[in-house]
Amino acid sequence: MEYGPAPESTKEAQAWLEQRGRQFGLFINNEWSEAGELFASINPASGAKLADLTQGSAADVDRAVAAARAAQPGWQALGGHGRAKVLYAIARLMQKHARLFAVLETLDNGKTIRETRDVDLPLVARHFYYHAGWAQLQAEEFSDYRAVGVVGQIVPWNFPLLMLAWKIAPALAAGNTVVFKPAEFTSLTALLFADICVQAGVPAGVVNIITGDGRVGEAIVKHEGIDKLAFTGSTEVGRLIREASAGSGKKLSLELGGKSPFIVFEDADLDAAVEGLVDSIWFNQGQVCCAGSRLLVQESVQDKFLAKLRARMDKLTLGSPLDKSMDIGALVDPVQKQRIEGLVQSARDEGCTVYQPACELPADGSWFPPTLITGASTAAAVAQAEIFGPVLVAMSFRTPPEAVQLANNTVYGLAACVWTENISLALDVAPAIKAGVVWINTANQFDAACGFGGYRESGYGREGGREGMYEYMTALSEDARPAAPLLEPKAKAKAAVPAGSPFAIDRTAKLYIGGKQARPDGAYSRAIHGADGALIAEVGEGSRKDIRNAVEAAHKATGWTKATAHNRAQVLYYIAENLAARGEEFAARIAAMTGTKNAEKEVQASIERLFYWAAWADKYDGLAHQPPMHGITVALNEPLGVIGIVCPNESPLLGFISLVAPAIALGNRVVVVPSEAHPLSATDLYQVLDTSDLPAGVVNIITGSADELARTLATHGDIDAVWRHDGSAEGCAEVERLSASSLKRTWVGGAKGRDWYSTAQAGGRAVLAHASQVKNIWIPYGV
Ligand code: NAI
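Reading the values: rules and limits
All residue numbers here refer to positions counted from 1 along the written sequence of the relevant chain. Only residues with pLDDT of 70 or above have their local features reported here, since the model is predicted, and side-chain atom pairs are shown and tallied only from 80 upward, although totals for entire chains, interfaces and linings are computed over all residues. Side-chain calculation: all heavy atoms of the structure are included, whereas hydrogens and water are not. UniProt positions are given in the numbering used here, feature names are shortened, and annotations may be inferred rather than shown by experiment. Under the DSSP-based scheme used, a helix requires at least four consecutive residues in state H or I and a strand at least two consecutive residues in state E, with every element numbered from the N terminus. Only C-alpha atoms enter the radius of gyration; for comparison, a globular chain is expected to reach 2.2 Å times N to the power 0.38, where N is the number of residues. The classification of residues rests on relative accessible area computed with a 1.4 Å probe and restricted to protein chains. Under 20% of the type maximum is buried, over 50% is exposed, and intermediate values are partly exposed. Whether two residues touch is decided by their heavy atoms; if any such pair falls within 4.5 Å, the residues are in contact. To measure how exposed things are, a 1.4 Å probe is used in the Shrake-Rupley method; for residues, cover is taken only from the protein chains shown. We call a residue near a molecule or strand as soon as one heavy atom of that residue lies within 4 Å of the molecule or strand. Pairing of N or O atoms within 3.5 Å defines a polar contact, subject to two protein rules: one partner must be a possible hydrogen donor and the other a possible acceptor, and residues neighboring in sequence count only if both atoms are side-chain atoms. The nonpolar class holds Ala, Val, Leu, Ile, Met, Phe, Trp, Tyr, Cys and Pro. Asp, Glu, Lys and Arg form the charged class, and all remaining residues, Gly among them, are polar. Read the arc as the range of directions from the helix axis to the C-beta atoms. DSSP calls a pair of strands paired once it identifies at least 2 bridges connecting them. Remark: nonpolar core denotes a set of buried residues (Ala, Val, Leu, Ile, Met, Phe, Trp, Tyr, Cys) joined through side-chain atoms within 4.5 Å. Interaxial angle, 0 to 180 degrees, is taken between N-to-C directions of lines fitted to C-alpha atoms, where a helix line uses only the stretch in contact. Each Phe, Tyr or Trp ring (for Trp, its six-membered ring) is paired with any other whose centre lies within 6.5 Å, and the angle between the two planes then decides the class: stacked below 30 degrees, edge-to-face above 60, tilted in between. Two conditions define a charge sitting above a ring: the NZ of Lys or the CZ of Arg must be within 6 Å of the ring centre, and it must be within 35 degrees of the ring normal. To estimate the expected span of a helix, subtract one from its residue number and multiply by 1.5 Å. Convention used here: a crossover is right-handed provided that the path from the first strand, over the helix, to the second strand proceeds clockwise when the strands point away from the viewer.

- An unreviewed UniProt entry annotates the chain as Aldehyde dehydrogenase family protein of Duganella levis.
- Regarding the chain, the relevant UniProt record gives this comment under Sequence similarities (unreviewed entry): "Belongs to the aldehyde dehydrogenase family."

### Some words on the overall build of the chain
Then step 1. Counting its secondary structure elements, the chain contains 28 helices and 33 strands.
Then step 2. Computed over the C-alpha atoms, the radius of gyration of the chain is 28 Å, within 12% of the 28 Å expected from 2.2 N^0.38 for a compact globule of 783 residues.
Then step 3. Counting only C-alpha atoms, the chain reaches 90 × 65 × 45 Å along its principal axes.
Then step 4. Taking all 783 residues of the chain together, 60% fall into the buried category.
Then step 5. A separation threshold of at least 6 residues defines the contact pool for the chain, and within that pool the share at least 24 residues apart is 77%.
Then step 6. In the form shown here, the chain has an accessible surface area of approximately 28,600 Å², with 52% of it arising from carbon and sulfur atoms.

### Here's the deal with the site of the ligand
Then step 1. Near the ligand there are 26 residues, and of these Val155, Trp157, Lys181, Glu184 and Ser234 occur at the shortest range.
Then step 2. Gly233 is positioned such that a nitrogen or oxygen atom in its backbone is 3.5 Å from a nitrogen atom of the ligand.
Then step 3. Residue Glu386 places a side-chain N or O atom 3.2 Å away from an oxygen atom belonging to the ligand.
Then step 4. Here the ligand, which alone exposes 800 Å², has 86% of that area covered by the protein.
Then step 5. By residue class, the composition of the shell around the ligand is 12 nonpolar, eight polar and six charged.

### Things to note about helix α14 (residues 400-407)
Then step 1. When α14 is considered as a whole, its buried residues turn out to be Ala403, Val404, Leu406 and Ala407. Buried residues of α14 fall within an arc of 165° about the axis and therefore sit on the same side.
Then step 2. In the core, the buried residues of α14 are packed alongside β11 (261-264), β12 (294-298), β15 (391-397) and α15 (423-429).

### So, the pairing of strand β27 (residues 631-639)
Then step 1. By the bridge criterion, three bridges tie strand β26 (residues 623-625) to β27 in an arrangement that is antiparallel. Bridge pairing links His625 to Thr633 in β27.
Then step 2. Adjacent in sequence and paired antiparallel, β26 and β27 are bridged by five residues.
Then step 3. Pairing of β27 with strand β33 (residues 772-780), which is carried by nine bridges, proceeds in the antiparallel orientation. Paired with Ile632 across the bridge in β33 is Ile779.

### Some remarks on unusual backbone geometry
Then step 1. With a phi close to 55°, Asn284 is a non-glycine residue in the positive phi region.
Then step 2. With respect to the helices and strands, Asn284 occurs in the loop between α10 (270-281) and β12.
Then step 3. Even without being glycine, Gln285 reaches a positive phi, approximately 55°.
Then step 4. For Gln285, the location among the structural elements is in the loop between α10 and β12.

### Some remarks on the UniProt feature "active site" (unreviewed entry) in the chain
Then step 1. Within the UniProt annotation, "active site" (unreviewed entry) is assigned to Glu255.
Then step 2. Position of Glu255 relative to the elements: it lies in strand β10 (residues 251-255).

### Considering the environment of Ser772
Then step 1. Along the chain, Ser772 turns up in strand β33.
Then step 2. In sequence terms Ser772 and Glu708 are 64 residues apart; their C-alpha atoms lie 26 Å from each other.
Then step 3. Leave out the neighbours within four places in its chain, and Ser772 touches Tyr620, Asn637, Glu638, Pro639, Leu640 and Leu666.
Then step 4. Polar contacts involving the side chain of Ser772 include one to the main-chain carbonyl oxygen of Leu768, which spans 2.8 Å.

### Some points on the side chain of Asn776
Then step 1. By the element assignment, Asn776 lies in strand β33.
Then step 2. Of the polar contacts made by the side chain of Asn776, one reaches the side chain of Glu467; its length is 3.2 Å.
Then step 3. Excluding anything up to four places from it in sequence, Asn776 contacts Gly436, Val437, Val438, Cys450, Gly451, Glu467, His625, Thr633, Val634 and Ala635.

### Quick notes on the nonpolar core
Then step 1. Within the largest apolar cluster, 120 residues are counted, with the highest numbers of intra-cluster contacts made by Ile90, Phe128, Phe193, Val207, Leu295 and Leu309.
Then step 2. Broken down by element, the residue count for this core peaks at 11 residues, all from helix α6 (residues 160-173).
Then step 3. If near-sequence neighbours (up to four positions away) are discounted, Leu295 is found in contact with Phe262, Val264, Leu277, Phe305, Leu306, Leu309, Leu392, Val393, Ala394 and Met395.
Then step 4. Counting 56 residues, the second largest nonpolar core, distinct from the first, contains Ala614, Ala661, Trp723 and Val767.

### So, the sheet that holds strand β13 (residues 353-355)
Consider a sheet: its strands pair through backbone hydrogen bonds, and that pairing is either parallel or antiparallel.
Then step 1. One open sheet holds the 10 strands; their spatial order is β13-β14-β15-β12-β11-β16-β17-β33-β27-β26, and the pairing between them is mixed. The open sheet terminates on both sides in strands that have one partner only, identified here as β13 and β26. Strand-to-strand twist across the sheet, computed as the mean angle between neighbouring axes with direction ignored, equals 20°.
Then step 2. Its contacts with the sheet place helix α11 (residues 299-315) against β11, β12, β13, β14 (371-374) and β15, and it is angled at close to 135° to β12.

### Description of the UniProt feature "domain: Aldehyde dehydrogenase" (unreviewed entry) in the chain
Then step 1. UniProt's entry tags residues 37-474 and 527-746 with the feature "domain: Aldehyde dehydrogenase" (unreviewed entry), counted in the numbering of this structure.
Then step 2. Secondary structure content for residues 37-474 is 45% helix and 17% strand, and the end C-alpha separation is 37 Å.
Then step 3. Within the segment residues 527-746, helix and strand shares are 50% and 18% respectively, and the terminal C-alpha atoms sit 30 Å apart.

### Observations regarding the packing of aromatic side chains
Then step 1. The final tally for this structure, using the stated rule, is 23 aromatic pairs.
Then step 2. Between Phe265 and Phe397 the ring centres are 5.3 Å apart and the planes differ by 75°, which places this aromatic pair in the edge-to-face class. Here Phe397 lies in strand β15 and Phe265 lies in the loop between β11 and α10, a separation of 132 residues in the sequence.
Then step 3. Residue Phe397 is classed as buried on the basis of its relative accessible area of 1%.
Then step 4. Clustering of aromatic rings is evident, with ring pairs tying together Tyr130, Trp134, Phe142, Tyr145 and Tyr470.
Then step 5. Sitting over the face of the ring of Trp32, Arg20 holds its NZ or CZ atom 4.4 Å from the ring centroid.
Then step 6. Above the plane of the ring of Tyr757 lies Lys601, whose end atom (NZ or CZ) is 4.5 Å from the centre.

### Focus on the side chain of Ser477
Then step 1. Within the fold, Ser477 resides in helix α17 (residues 476-479).
Then step 2. Once residues lying within four places of it in the same chain are set aside, the contact partners of Ser477 are Ala760 and Gln761.

### Quick word on the environment of Lys181
Then step 1. In this fold, Lys181 is placed in strand β7 (residues 177-181).
Then step 2. Between the alpha carbons of Lys181 and Ala483 there is a distance of 33 Å; along the sequence they are 302 residues apart.
Then step 3. Residues within four places of Lys181 in sequence aside, it is in contact with Gln153, Ile154, Val155, Ile210, Gly212, Asp213, Val216, Gly217 and Ile220.

### Concerning helix α18 (residues 544-556)
Then step 1. Helix length check: α18 (13 residues) gives 19 Å between terminal C-alpha atoms against 18 Å at 1.5 Å per residue, within 8%.
Then step 2. For α18, the complete set of buried residues consists of Asp546, Ile547, Ala550, Val551, Ala553 and Ala554. Along α18, the residues classed as buried sweep out an arc of 160° about the axis, all on the same side.
Then step 3. Tucked into the core, α18 has its buried residues touching β22 (511-513), β28 (642-646), β29 (669-673), β30 (699-701) and α25 (706-715).

### As for the pairing of strand β31 (residues 721-724)
Then step 1. Residue alternation in β31 divides its side chains into two sets, Ala721 and Trp723 and Val722 and Arg724, and both sets are buried.
Then step 2. Of the strand pairs in this sheet, β31 and strand β32 (residues 745-748) are connected by four bridges, and their pairing is parallel. Bridge pairing links Trp723 to Trp747 in β32.
Then step 3. Between the parallel elements β31 and β32, the chain passes through helix α26 (residues 729-738) in a crossover that is right-handed.

Quick look at the structure:
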């Protein structure tokens, strides 16, 4: 039996547009500006114009930032309860006007009313409720943090209102004010949200909304009055934003693209998996950053599964998104359609099989049928590029390790689905997948309590949950840092001399790579002078090649990541013990290098710091969230992988230990550039490390020029994060800029110093957060 059309009425939404004269200015300081240079907002399902919107200018961004800046102290002073009441009011109003919002979103974006009504709007309201809660509890739960200040937020068009909620709710809860830019294709619900803000009692200047294209985004990114940037969109623009904001001191979170695997094992409930796949790749026409766009199905059930899938595809309904019985709506814009068509054609040209059910596409608007591609190679464009459309690429695998290897064969790492009835298999595979979210026997689940965000080139930072709140706060320990480094870096070491030349002194400390002392590749060394100017030793002049070798050694040391936290703690304690046994020697060396009278104190502080991070190693637990679905979401803090660390010049032993110990405590492996001016505390550590059961390759030490080595670390394709804390503002900016190509995480100290003796400044969860990323694993529970 065919269903008749069941269209949702657009009366209320059209009336709202009419009432606004189908023309919108910008929302700044709770006032609407006159409309300026206009661009049209189009209904992609029909091609009809909905309204004219204003292209914001740099001057408009200036005004919005000024309003946000002026409003921030007052918003902060309102207190947690005051802000909670406002967020709660927004949540209530969103529920009250859910229908209007849902219809407007469908008109503007082309996504089906079923989705806007049943998914987007409930999640939006939930997000504001949930964050009203964090505002209320902020003083108690985040007492070591403060609001960042003024936040610039830029979102894409695929979930216009939901992305707005994901951005604005936590920012406001934490006490920030915002300058928000919706995507140019889909700004209408953000403009309607401005009305809600006024009704909910959001004070003037707290939320400012500037419409327009990427130029508005660029103005926000480079604005000096903005303290934090939060972006969701393409990896390409994410990179530009990383580059443009490098060295500005702005906090940054990026939620970028994906090419998420959907893994079906032979023992899976195949019918359920087919439904999961429908939700995964045909939800929102596949225009979803975490869409399960790569089907990996076990060979033994491949034919059966694909047959079921094709049969299901034949039943998908495509048509007017306002029709409540439609599964698939319109694409957001003809530009997207062309892009998708191009990619699907490339698959045809390469001899792939392209399956599309026979469905009639409406004459007007932008449409694309559900599509299944088989026979693609793993390197094919359709298997690697984010298509961002209703296109699934299917491949097969034989064994679980092969499934994991294929799943990870992408530059992205946003999400993954694992389908199997075998819980051991599911929980074996989930940790092996490099992705920020793993859904077990479910797909595309979201909740305000559960963090969402990527690994690798899918970006960094999390939205939702406790971890999402940290993105909008600054640790008070950062404020306590002195304005300038505690110790000026010493003059650069003298020109390198070839090792073994008659001018080199006997004792030349080598590099430490893969648990062995290694001569620098270039055979050069650099002279290290003591506080009195006398030459006290030489150290190897590390080069690009040495860093490469060190990274290779670090990658091999995977056993460290798999070791238990208890074991890692034991090794840190053991290092402390062995350091203590040679305390006097280390103190004498520090005194000789730096001339400090506090050398013994530094050694003692280093030993205590090792104990401190050993203590943390098995206590940085994750969380078990209980979202509204019948399941639990286990949020685990996973190590990043290989971290490149450039140590401070001052406190050469304590600075080194303070950065290396937390990184390895969580299971990372490190390539460390010790203090450029005083590297001997690090080279003296080789023997301590050798005798402390630290596996080879976990800590690799490359002495030499901090600038040059940092550059190599930041551009290296196989390093996951770079930390730089040597007080060089330009060096830190360069690390941030160069990290953009592979979207590495960075943690830089800038020109400000850090009191390495102070646990408040050098310790705490904020440091561990830099050494880890959260993986949220959704598991059915009590169903
Ligand atoms: P985009 O990344 O260009 O746009 C996202 C937002 O960034 C929009 O608000 C846009 O105006 C703004 N923007 C553009 N250039 C900017 C700049 N230089 N500085 C600051 N802001 C800027 O994404 P677009 O062009 O809409 O879509 C292109 C492709 O990106 C899609 O086909 C898809 O593959 C991917 N994409 C991924 C998304 C995700 O959530 N992962 C979301 C949207 C797009």
